[in-house]
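Structural characterization, general
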Amino acid sequence: AVPATEQGEQRRQRAADSERDAQGVAQLAAQKENPILLGVAQLPNKPLSWTGALALAAAIAEKEAAVRRGLEAERRREEEEAAETARKEAEAAVELERQEGRMLRHSQDQEYHQSLLHDQMKDLTARQQALRTELEAAAPEVAENENSLRNAQQRLERFGENPRLQEEISRSEARLEELRPRCADLEQELSEVEASIKNNTELLTAMRADEG
């Protein structure tokens with residue numbers, strides 16, 4: 001049997017060891033400014049050995065390190081996303097500038113072509129009017145010479161040879177040989193001019209619709 005004196009000494013030693021361990025835990029917690037360790041150190045009737053405190057501190061440190069790594073990874077991810085967003089925005093701005101440049105050039109080209117078409121329309125309209133006037137002036141003369149030729153031929157057939165009628169026929173035929181080709185040329189040119197006017201009108205209409 002262990003003497004009572006020795007038993008008392010052992011109890012005092014264990015109490016001293018527990019007190020020392022508790023102080024060590026408290027000091028460790030204070031040094032690391034860790035609220036969890038501080039709480040553990042202050043728990044009543046829950047003595048924590050020095051080894052246990054170190055193990056708990058290591059576990060907490062690992063947890064904190066994992067949290068820091070997660071935060072760092074999240075920060076890098078956010079930075080990468082921000083950089084990618086900035087890159088896309090820069091590319092979009094460049095593309096927008098290119099599109100605006102193309103639209104500006106297209107608009108300038110269209111204005112230039114519209115100006116040319118308007119000038120052409122003025123010339124074509126003036127030529128159209130001149131051709132119509134010339135045809136209208138030639139039409140009565142053609143009709144007159146055709147009537148004269150027809151009447152002279154009918155009288156010649158009815159009354160026989162007549163120098164005056166023959167001269168009238170020759171004069172009308174000669175004049176018609178001048179007028180008919182000229183009228184045919186005028187009508188052909190007028191048809192081409194009117195086709196050009198129609199085409200230019202459609203182009204101008206399409207350009208105005210495109211602007212709208």
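This write-up is about the structure you can find in this document. (Residues numbered from 1 in each chain as written. Predicted model: local features only at pLDDT ≥ 70, side-chain atom pairs only at ≥ 80, totals over all residues. Heavy atoms only, no water.)

**A few points about the overall build of the chain**
- When its secondary structure is counted, the chain shows four helices and zero strands.
- In the chain, the succession of α and β elements from N to C terminus is α-α-α-α.
- When the 212 residues of the chain are sorted by exposure, 19% land in the buried category.
- Sequence separation of at least 24 residues holds for 70% of the intrachain contacts in the chain that already meet a minimum separation of 6.
- Accessible surface, the chain as shown: approximately 15800 Å² in total, 52% of it carbon and sulfur. (Helix = DSSP H or I, 4+ residues; strand = E, 2+ residues; numbered from the N terminus. Buried < 20%, exposed > 50% of the residue type's maximum accessible area, 1.4 Å probe, protein only. Contact = heavy atoms within 4.5 Å. Areas by Shrake-Rupley, 256 points an atom, 1.4 Å probe, with all protein chains shown as cover.)

**Let's talk about the nonpolar core**
- Grouped together as the largest cluster of nonpolar side chains are 21 residues, with contacts concentrated most on L131, L135, V142, I169, C183, V193 and I197.
- The element best represented in this core is helix 4 (residues 163–211), accounting for 11 residues.
- Setting aside residues no more than four positions away along its own chain, L131 makes contact with L186, E189, L190 and V193. (Core = buried A, V, L, I, M, F, W, Y, C linked by side-chain atoms within 4.5 Å.)

**Topic: the pattern of salt bridges**
- Applying the stated criterion to the full structure yields 17 salt bridges.
- Across the salt bridge formed by E134 and R182, the nearest N and O atoms sit 2.8 Å from each other. With a gap of 48 residues between them, E134 in helix 3 (residues 50–159) and R182 in helix 4 connect regions that are remote in the sequence.
- We classify E134 as partly exposed; its relative accessible area is 30%.
- A salt bridge links R171 to E167; its shortest N-O distance comes to 3.9 Å. Pair noted here: R171 and E167 are both in helix 4, with a separation of four residues, about one helical turn. (Salt bridge = Lys/Arg side-chain N within 4 Å of Asp/Glu carboxyl O.)

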